[in-house]
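Okay, here's what each chain looks like letter by letter:
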Amino acid sequence: MSPLRCWSSSSSINHIQRVFFRSIETAAASASSTEPRTHFKITLRRSAIGLGEKKKETLVSLGLHRRMQTVYHPHTPEAGGKILKVKELVEVENVPASAVRTQEQQRQERKASRGYAVAGSRMRAFQWERTKWQ
């Protein structure tokens, strides 16, 4: 297969575009932020099914239990060593301390809006009924 034919396939062009735009986004984010990057943002991208117990235990020690789960760890030699053990399974980003999210904050960010807003409640009109039965 000729090199020109390889570059003409849509999958390789899409891959090149993704890599290019990701690098632009990363450069823009790093240029706009002067805050030091003090934490690892670790996301489990691949499953550990079929791997050895040591790799699975390493994922558990990082706090990763399911695919697409994200955890944050400060920059330490221990965290760096664990990441290197499972580097094929995870995606790692350096983020500032202000970008660190707790599990509850991540859950709230993923949650969809209710789709409606409560304008008022008529339950106050029935206040006497509630107190009557208590």
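Scroll up a little and you will see the structure.
Summarised in this report is the structure supplied together with it.

Parameters at a glance
- Residues numbered from 1 in each chain as written.
- Predicted model: local features only at pLDDT ≥ 70, side-chain atom pairs only at ≥ 80, totals over all residues.
- Heavy atoms only, no water.
- Helix = DSSP H or I, 4+ residues; strand = E, 2+ residues; numbered from the N terminus.
- Contact = heavy atoms within 4.5 Å.
- Polar contact = N/O pair within 3.5 Å; in protein donor to acceptor, adjacent residues only side chain to side chain.
- Core = buried A, V, L, I, M, F, W, Y, C linked by side-chain atoms within 4.5 Å.
- Buried < 20%, exposed > 50% of the residue type's maximum accessible area, 1.4 Å probe, protein only.
- Pairing = 2+ DSSP bridges.
- Axes fitted to C-alpha atoms, helices over the stretch in contact; angles between N-to-C directions.

Turning to the environment of His-73, a few remarks are in order. Position of His-73 among the secondary structure elements: in strand S2 (residues 70–74). When the C-alpha positions of His-73 and Ile-42 are compared, they lie 7.8 Å apart, and in sequence the two are 31 residues distant. In this structure His-73 touches His-39, Phe-40, Ile-42, Leu-62 and Ala-79, once residues within four positions along its chain are discounted. Within the structure, His-73 has its side chain in polar contact with the backbone oxygen of Leu-62 (distance 2.7 Å).

In this section: the nonpolar core. The nonpolar side chains of a soluble globular protein tend to be buried with one another. Residues Ile-42, Leu-44, Leu-59, Leu-64, Val-86, Leu-89 and Val-90 are the most contacted members of the largest nonpolar core, which totals 13 residues. For this core, the elements supplying multiple residues, two or more each, are strand S1 (37–44), helix H3 (53–62) and helix H4 (77–85). The greatest single-element share of this core, amounting to 3 residues, is contributed by S1. Leu-59 has contacts with Leu-44, Ala-48, Leu-64, Val-86, Leu-89 and Val-90, leaving out every residue within four places of it along the chain.

Another point: the sheet that holds S2. Read from one edge of the open sheet, 3 strands run S2-S1-S3, paired in antiparallel fashion. Edge strands, defined here as strands with exactly one partner in the open sheet, are S2 and strand S3 (90–96). In this sheet, adjacent strand axes meet at a mean angle of 30° when their direction is disregarded. Of the strand pairs in this sheet, S1 and S3 are connected by 7 bridges, and their pairing is antiparallel. Opposite Lys-41, over in S3, you have Glu-93 as the bridge partner.

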